[in-house]
Each structure stands twice: as C-alpha cells, then as structure tokens.
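Chain by chain, the residues run as shown.
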Amino acid sequence: MLLQSLPSLILILGVVVAVPAKEKRVHRHSDLSDHAHDDTTGFHYDHEAFLGKEEAKTFDQLTPEESKDKLGKIVDRIDTDKDGFVSHGELHQWIKHRQRRYIEENVLKHWKEYDQNKDGKIGWEEYKNTTYGYYLDEEFDDVDDKASYKAMLTRDERRFRTADRDGDGIATKDEFTAFLHPEEYDHMKAVVIQETVEDIDKNGDGKITLDEYIGDMFTPENGESEPDWVLTEKKHFTEFRDTNKDGFLDNHEVAQWILPGEIDHTDNEAKHLIHETDTDKDGRLSLSEVMDKVDFLKSSTLTDYGGMLADEGHQEL
C-alpha cells in the first residue's frame, strides 16, 4: 500500500484522541469515515475524509500520473479564490461539502428503494412493508431471534415518527434524511440517545454501568486479558463520562459522550491535513506541496473525484 511508505507524514495532533476500533458509539465523524482516526494503525480515516468514502475505494487503483492529474483538478476546485493556494478555510469548506454529499447520496440511494409508488414521499407503511413485509406476514415465526426483529421494528417506527415532524405518517426528503441520519438534526438527538442506552443497558434500568459500558466494546474470550485501551476506557468512564460520579451514565451524560457537538471534526481534519502537507509551514497548501504528498493526500477526504464530476453535471474536469 502506497501510504505505508509514508509513516513519518502522519502525526497525532492532539485535537483528536485515538479510539479503539470497537468504540462505535460516538456520532462525530461517521460521515467523514467509518474508520477510527488512529494514524498509528493506518491512514484510512484521512483517506476517506479527503477523497470521499466511495471514491476512496477506487482512487488507490490509479497510476501515479493519474493520481497527480486528478489531484491537480481537485486542488483547483478547492482553491475558490484562485490565488494558487489552498487555505484552511477553503479546505474546511471542501470537507464539509464532501460530508454533505455523502449524506445526500446515501439518502438518495435508500429513497429509490423505499419510495415504492414513486410519488416523491415515503410513508411509514411503505418503509415497514419494504423492510419487514415478509416477516410481518409470518409474525416473525421464521426468524431465529424473533424478539430482536420485533424490537428493530419498534425502534424504526419510533425513529420514523420522530422524524415525521407534521405527523402525517409520510416522510418528505428532509424527514427521511432525519430518519437515516438522526445525529444531524437537533429534534432527533433524543432518539439517538435513547437507542444508545437501550443497546448498552443490559439490565433495563435506564442507566449504563461501567460493566455495561465496557461490555459494549469488549468481551474477553477464553481467559483473554484486557487490552490497554480497555483500561483507558474504564478511566474515561469514571473520570470524564460519569460527571456526577454516581457510577452510572444517565441520558445527559450519554449525550455528552456520543454527541459532542462542540467539536468540529471537519475543522480538525482540515488542520490535520494542512499540518501534514504544508512543507514550508506558511499555513496554506501550494500545488507543489500537494504533489509532493500525493500518496498521503490521495488517501484522505479531499479527493472525491466522482462527487466532483456529479457537482459539475459530469462536465470534463
């Protein structure tokens, strides 16, 4: 892999704390990348953040010449004031733009699947029948874990009803976006918190104990010892997550954990990419600096070339 030849390029900046691979609850950068932002184990997060999730899958297959050609066109798109440099602000806006495009494309893909009557809206019955129709007819009798499927149906309906702001049982495009990406909408955050607590709270008391918190991420097998990150997470639970020190995480504390809205991760990623690419340390990127770090940048969020083509109406770049 080309990026493995550049280990010295990627440094942890301190603005993002590396999290274990199984730490999947925090809704803070899932739309930039599904990978943990841990440069010690690989650069997959930067790869998808710079290129876009889908384009990152194909960009690695390009020849060095093709990579440089496409990167040059991407840099030109990012450089909105056309001064020949990519500033932090321009890079920040680009990454936010790619993040929004991912959400839009994800919603569109599902929209086509669920809008069965092609009327430009998705009713709860349409969604339910498309997702659960077969099992509903059989009352879930053919499903091994019947209770889990019924719970999934209940959860989906609750989320759908919450997203359906006017309560007409039909989701507009914006309401369906809220259903699929609830962490993006303030009125959906209570649902995100409730779902998280239900997932982790095994004894059903509405709170999360330390054992439940750790059990969501790590279950030892055959006498396996706890890895170091588990000890770190235990410390995070007692010292940071459990703010009132009662030994549990309540809904407010869960919200502070999984929805840390005060952190702008697109801004952090822009700073990170500039830090790793800005050779002369003038706080901006020239085309030559980008080309010097082509292997690093082609593995990050900037280069969603396919999305660029869509933005331009498939005009030649």
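About the criteria used
- Residues numbered from 1 in each chain as written.
- Predicted model: local features only at pLDDT ≥ 70, side-chain atom pairs only at ≥ 80, totals over all residues.
- Heavy atoms only, no water.
- UniProt positions renumbered as here; feature names shortened; annotations may be inferred.
- Axes fitted to C-alpha atoms, helices over the stretch in contact; angles between N-to-C directions.
- Helix = DSSP H or I, 4+ residues; strand = E, 2+ residues; numbered from the N terminus.
- Parallel < 35°, antiparallel > 145°, perpendicular 65-115°, else oblique.
- Left-handed = near helix turned anticlockwise from the far one by under 90°.
- Contact = heavy atoms within 4.5 Å.
- Nonpolar A, V, L, I, M, F, W, Y, C, P; charged D, E, K, R; others polar.
- pLDDT = per-residue confidence, 0-100.
- Buried < 20%, exposed > 50% of the residue type's maximum accessible area, 1.4 Å probe, protein only.
- Polar contact = N/O pair within 3.5 Å; in protein donor to acceptor, adjacent residues only side chain to side chain.

- An unreviewed UniProt entry lists the protein under the name Reticulocalbin-3 isoform X1, from Salvelinus namaycush.
- Recorded under Sequence similarities (unreviewed entry), the UniProt text for the protein is reproduced unchanged: "Belongs to the CREC family."
- Heading Subcellular location (unreviewed entry) of the UniProt record for the protein holds this comment: "Endoplasmic reticulum".

**Observations regarding the packing of helix H4 (residues 88-114) against helix H12 (residues 265-277)**
Right, on to step 1. Interhelical geometry of H4 versus H12 gives an angle of 125° and a closest axis separation of 9 Å. Taken together, H4 and H12 sit at an angle that is classed as oblique. Two packed elements cross with a definite hand, and for H4 against H12 that hand is right-handed. Each of His 88, Leu 91, His 92, Ile 95, Lys 96 and Gln 99 in H4 lies in contact with H12, whose residues at this interface are Thr 266, Asp 267, Glu 269, Ala 270, Lys 271, Leu 273 and Ile 274.
Right, on to step 2. In terms of residue class, the contact of H4 with H12 is built from five nonpolar, four polar and four charged.

**Describing the packing of helix H8 (residues 189-200) against helix H11 (residues 251-258)**
Right, on to step 1. Closest axis-to-axis distance for the H8/H11 pair is 10 Å, and the angle between their directions is 105°. It follows from the interaxial angle that H8 and H11 lie roughly perpendicular. Each of Val 192, Ile 193, Thr 196, Val 197 and Ile 200 in H8 lies in contact with H11, whose residues at this interface are Asn 251, Val 254, Ala 255, Trp 257 and Ile 258.
Right, on to step 2. Here the contact of H8 with H11 is composed, by residue class, of eight nonpolar, two polar and no charged.

**Topic: the UniProt feature "domain: EF-hand" (unreviewed entry) in the protein**
Right, on to step 1. What UniProt calls "domain: EF-hand" (unreviewed entry) maps, in this numbering, to residues 66-101, 102-137, 151-186, 188-223 and 265-300.
Right, on to step 2. Spanning residues 151-186, this segment combines 58% helix with 6% strand, and its end C-alpha atoms are found 24 Å apart.
Right, on to step 3. Split by type, residues 188-223 is 50% helix and 6% strand. Its first and last C-alpha atoms lie 41 Å apart.

**Examining the confidence of the model for the protein**
Right, on to step 1. Looking at the protein as a whole, the pLDDT averages 77, with 69% of positions reaching at least 70.
Right, on to step 2. Put simply, helix H15 (residues 305-311) is where the protein has its lowest mean pLDDT, 46, and strand E4 (residues 208-209) is where it has its highest, 97.
Right, on to step 3. Every residue in residues 1-24 is under pLDDT 50, and counting partners more than four places away or in other chains gives 45 contacts.
Right, on to step 4. Residue range residues 305-310 is modelled with pLDDT below 50. Its contacts to residues more than four positions away, or to other chains, number 19 contacts.

**Focus on the environment of Asp 79**
Right, on to step 1. Within the secondary structure, Asp 79 is located in the loop between helix H3 (64-78) and strand E1 (85-87).
Right, on to step 2. Overall, Asp 79 belongs to the buried group, its relative accessible area being 6%.
Right, on to step 3. With twelve residues separating them in the primary sequence, Asp 79 and Leu 91 have C-alpha atoms 8.3 Å apart.
Right, on to step 4. When residues no more than four places from it in sequence are discounted, the contact partners of Asp 79 are Gly 84, Phe 85 and Glu 90.
Right, on to step 5. Reaching out from Asp 79, the side chain makes a polar contact with the backbone nitrogen of Gly 84 at a distance of 2.9 Å.

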